[in-house]
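Close look at the chain arrangement
Here is how the chains run, residue by residue.
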Amino acid sequence: MMVRSMRIVLLVFFVALFPLSSIAHVNSPDVYYDGYAGPYHLLVTLRPPPVVPGVAQVVVRTFGSDVQEIKILPLRIVGIGATKAPLPDLAKRSGDDPQVYSGNLWIMVRGSWKVQIQVAGQKGVAQLDVPLPAVSTNSPPMQIGLGILLAVLGLALTAGLIGIIFAATRDAGLNPGEAPAPANTRRGRIGLSVAAVLVIVALVAGNHWWGSEASANARLNYKLPQMDPTLSGNLLRLQLGNPNEAEPTRFRTEQPDRIRMDDLIPDHGHLMHLFVVRMPDMKAFWHLHPTQTEPGEFAQNLPILPEGQYKLFGDIVHHTGFPETEVATVNLPSVAGEALQGDDAGGLNFVAADKVAQLSDGYRMVWERDDKPFKANQPYWFRFRIEDKNGKPAADMEPYMGMAGHAVFLSTDGNIFAHVHPAGSVSMAAVSLAEGQSPSAGMDNMNHNAPSAEVSFPYGFPRAGEYRIFVQVKRAGKVETAAFVAKVF
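Read on for a plain summary of the structure. Just so we're clear, the structure is a prediction, and the values are computed from it rather than from any experiment. (Residues numbered from 1 in each chain as written. Predicted model: local features only at pLDDT ≥ 70, side-chain atom pairs only at ≥ 80, totals over all residues. Heavy atoms only, no water.)

**Comments concerning the overall build of the protein**
On a plain count of helices and strands, the protein comes out with six helices and 27 strands. Dimensions of the protein, computed from the C-alpha atoms along their principal axes, are close to 110 × 60 × 40 Å. Burial statistics for the protein: of 489 residues in total, 46% are counted as buried. A separation of at least 24 residues holds for 68% of the contacts in the protein among residues at least 6 apart in sequence. Within the structure as shown, the protein displays about 23200 Å² of accessible surface, and the carbon and sulfur contribution to it stands at 57%. Here the protein holds 41 positive side-chain charges and 44 negative ones, and the gap between their average locations is 9 Å. (Helix = DSSP H or I, 4+ residues; strand = E, 2+ residues; numbered from the N terminus. Buried < 20%, exposed > 50% of the residue type's maximum accessible area, 1.4 Å probe, protein only. Contact = heavy atoms within 4.5 Å. Areas by Shrake-Rupley, 256 points an atom, 1.4 Å probe, with all protein chains shown as cover. Lys, Arg positive; Asp, Glu negative; His and termini not counted. Charge placed at Lys NZ, Arg CZ, Asp CG, Glu CD.)

Here it is in structure tokens:
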């Protein structure tokens, strides 16, 4: 009975001390994806586990009444885990909304994962693969109340163990009812002393071991990479940080998705998407594409920029599909600037609109929204319509880097950033890898289809506050940018 109790206490102790943390795109951890599993239209929300190993939450909304069953399965994107699939879990259908299914999946190793969604219905069986980056970012301490409880139980077990050893060494040779002789008492005291020393040594050694393990785990926590910008004339140079490179080899560096700076792959045709936003007025916004000069180093000729403080967000994707956003805050002088090249776009003096933003040539972008307030941690579709000066749908829309549009959701304090596409908040290169294709497959497919005058983005705000939404589309060979304001409660 005593051994069983100790096992239970130790199990609770280990589970309680496991670190809790979360990953963020930059403080925007949830994954939103709008896609199709064969003929079935799905909106998928993935909430990464707060710590790895940990449990990811999966919510799937279906459209139509032809879905009968959904199963979910976690898989690695690279490595042996990509082929050794466990049995899928059956997602539970909501009693309140029969079009919503949910489930939980264990994510056991940090890195690039995907959630395979298997759909069975009236139109047959199909599947959809959604990328899921999974890491831990911090290790909060144990709750005080639970720590006190476990300490009391630990002391009780320690005292009980010493008492058992004392009684065993003193009374082991006595007959029932016989009083211990002075020699037995001395032997018991010696046993008591030896037991106390051994238990104390075991406790000290165990605490040292646990502290070492906790420190090793803390070194595994993902750290938001900070890039180092320097300006020479109009040329901005970026040195990418990689605080997650120097990790203990016994856990991470032997994994195939170890974070490196020499393994970047293009996403929408570029190795980096750099967003430059003047703070705090957020009136200047640029979406640029620096050139890689060396592994971990990029350079970009800047457009016209007024003097001020700027937030920089550099989106990159590793060969495993693992996305990162490098961040920096920099004070820039007035920059004379150069003409935009290729897919670079943006502008100055943006005024955030509630519903209607003016574009060039009398065109406008209309945010198709109702008056209901936005709530944090809920998925929404953000729908926008591009009209000409007569209010008719724009007829000259073109793909912008393989997509109908790009959007940035940025909190006014600059602490929350997400680069979102019509398919969702995941990298399109990662989507292609998750589907077993080349990273550019999705972009190649999209470039053959002219988008309509409407574009939508699935996303959910991670917390309350005020946000700016920058939406970029391409019309008649020119990239247009519109800015909107959103308040979240």
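Now that the structure is up, let's keep going.
**So, the nonpolar core**
It is characteristic of soluble globular proteins that their nonpolar side chains tend to be buried jointly. Judged by nonpolar contacts, the single largest core of 33 residues is most densely connected at Phe-382, Phe-384, Phe-461, Ile-469 and Phe-484. Of all the secondary structure elements, the ones that give two or more residues to this core are strand 20 (364-367), strand 21 (380-387), strand 23 (406-411), strand 24 (417-420), strand 25 (454-459), strand 26 (465-475) and strand 27 (478-488). If we skip the residues at most four places from it in the chain, Phe-384 touches Met-365, Val-366, Trp-367, Ala-453, Glu-454, Val-455, Phe-457, Ile-469, Val-471 and Phe-484. (Core = buried A, V, L, I, M, F, W, Y, C linked by side-chain atoms within 4.5 Å.)

**Let's talk about the packing of aromatic side chains**
Under the defined criterion, the tally for this structure stands at 25 aromatic pairs. Centroid distance Phe-461 to Tyr-467: 4.5 Å. Interplanar angle 45°. Geometry classified as tilted. Tyr-467 shares its class with Phe-461; the two are buried. Through pairs of rings, three or more aromatic residues link up here, namely Tyr-32, Trp-367, Phe-374, Tyr-380, Phe-382, Phe-384, Phe-409, Phe-457, Tyr-459, Phe-461, Tyr-467 and Phe-484. (Phe/Tyr/Trp six-rings, centres within 6.5 Å; stacked < 30°, edge-to-face > 60°.)

**Re the pattern of salt bridges**
Taken as a whole and assessed by the stated rule, the structure comprises 13 salt bridges. With a shortest N-O distance of 2.9 Å, Glu-387 and Arg-364 are connected by a salt bridge. With Glu-387 in strand 21 and Arg-364 in strand 20, this residue pair connects regions lying 23 residues apart in the sequence. With relative accessibility at 22%, the residue Arg-364 sits in the partly exposed group. Measuring nitrogen to oxygen at the nearest pair gives 2.7 Å for the salt bridge that ties Glu-387 to Arg-385. Residue Glu-387 is classed as buried on the basis of its relative accessible area of 7%. (Salt bridge = Lys/Arg side-chain N within 4 Å of Asp/Glu carboxyl O.)

**What about the pairing of strand 10 (residues 228-232)?**
Two strands pair when backbone bridges link them, and strand 10 and strand 11 (residues 235-239) are joined in this way by five bridges, in the antiparallel orientation. Opposite Ser-232, over in strand 11, you have Leu-235 as the bridge partner. (Pairing = 2+ DSSP bridges.)

**Side note on the sheet that holds strand 11**
An order of 10-11-15-14 is seen for the four strands of this open sheet, with the pairing classed as antiparallel. Two strands lie at the open edges of the sheet, namely strand 10 and strand 14 (291-294), each paired on one side alone. Looking at each pair of strands side by side, their axes are set apart by 30° on average, direction ignored. Bridging between strand 14 and strand 15 (residues 297-301) involves three bridges; their strand directions are antiparallel. Paired with Gln-292 across the strands is Phe-298, a residue of strand 15. (Axes fitted to C-alpha atoms, helices over the stretch in contact; angles between N-to-C directions.)

**A short note on the sheet that holds strand 20**
Strand order in the open sheet made by the four strands is 19-20-21-25, with antiparallel pairing throughout. Each edge of the sheet is formed by a strand with only one pairing partner; in this case those strands are strand 19 (356-358) and strand 25. Across the sheet, the mean angle separating the axes of adjacent strands is 20° when strand polarity is ignored. Bridging between strand 21 and strand 25 involves six bridges; their strand directions are antiparallel.

**Concerning empty space enclosed by the protein**
Using the criterion set out here, one finds one cavity of 30 Å³ or more in the structure. Taken as a whole, the largest cavity holds about 440 Å³ of empty space. Lining the largest cavity are 35 residues, with His-25, Pro-133, Pro-323, Glu-324 and Ser-425 sitting closest to its centre. When residues of the lining of the largest cavity are traced back to their parent elements, those giving at least two are strand 8 (111-121), strand 9 (124-134), strand 16 (308-317), strand 17 (323-332) and strand 24. Split into classes, the residues belonging to the lining of the largest cavity amount to 20 nonpolar, 11 polar and four charged. (1 Å grid on protein atoms, 1.4 Å probe; cavity = no way out; pocket = protein on both sides within 12 Å on 5 of 7 lines; lining within 4 Å. Points joined across faces, edges and corners; volume = space filled by probe spheres on them. Nonpolar A, V, L, I, M, F, W, Y, C, P; charged D, E, K, R; others polar.)

**Examining a nonpolar patch on the surface**
Together, Val-55, Trp-106 and Met-108 line one region of the surface with nonpolar side chains, adding up to about 300 Å² of accessible area. Locating Met-108 in the fold gives a position in the loop between strand 7 (100-107) and strand 8. (Patch = residues over 30% accessible without salt bridge, like charges linked within 9 Å, V, L, I, M, F, W, Y side chains within 5 Å.)

**A word on unusual backbone geometry**
For the bond from Val-52 to Pro-53, the omega torsion is 0°, close enough to zero to count as cis. Examined against the element boundaries, Pro-53 turns out to sit in the loop between strand 2 (40-47) and strand 3 (54-62). Across the junction of Met-279 and Pro-280, the peptide omega takes the value 0°, indicating a cis bond. Tracing the backbone shows Pro-280 in the loop between strand 12 (273-279) and strand 13 (285-288). Phi angles above zero are rare outside glycine, and Asn-27 is one such case at about 60°.

**What to know about the packing of helix 2 (residues 144-171) against helix 3 (residues 182-220)**
Direction vectors running N to C along helix 2 and helix 3 enclose 150°, while the axes themselves pass 7 Å from each other. Judged by the inter-axis angle, helix 2 sits roughly antiparallel to helix 3. For the pair helix 2 and helix 3, the crossing hand works out as right-handed. Across the interface between the two elements, Thr-158, Leu-161, Ile-162, Ile-165, Phe-166, Thr-169 and Arg-170 from helix 2 touch Asn-184, Thr-185, Arg-187, Gly-188, Arg-189, Gly-191, Leu-192, Ala-195, Ala-196, Val-199 and Leu-203 from helix 3. A per-class count over the contact of helix 2 with helix 3 returns nine nonpolar, six polar and three charged. (Parallel < 35°, antiparallel > 145°, perpendicular 65-115°, else oblique. Left-handed = near helix turned anticlockwise from the far one by under 90°.)

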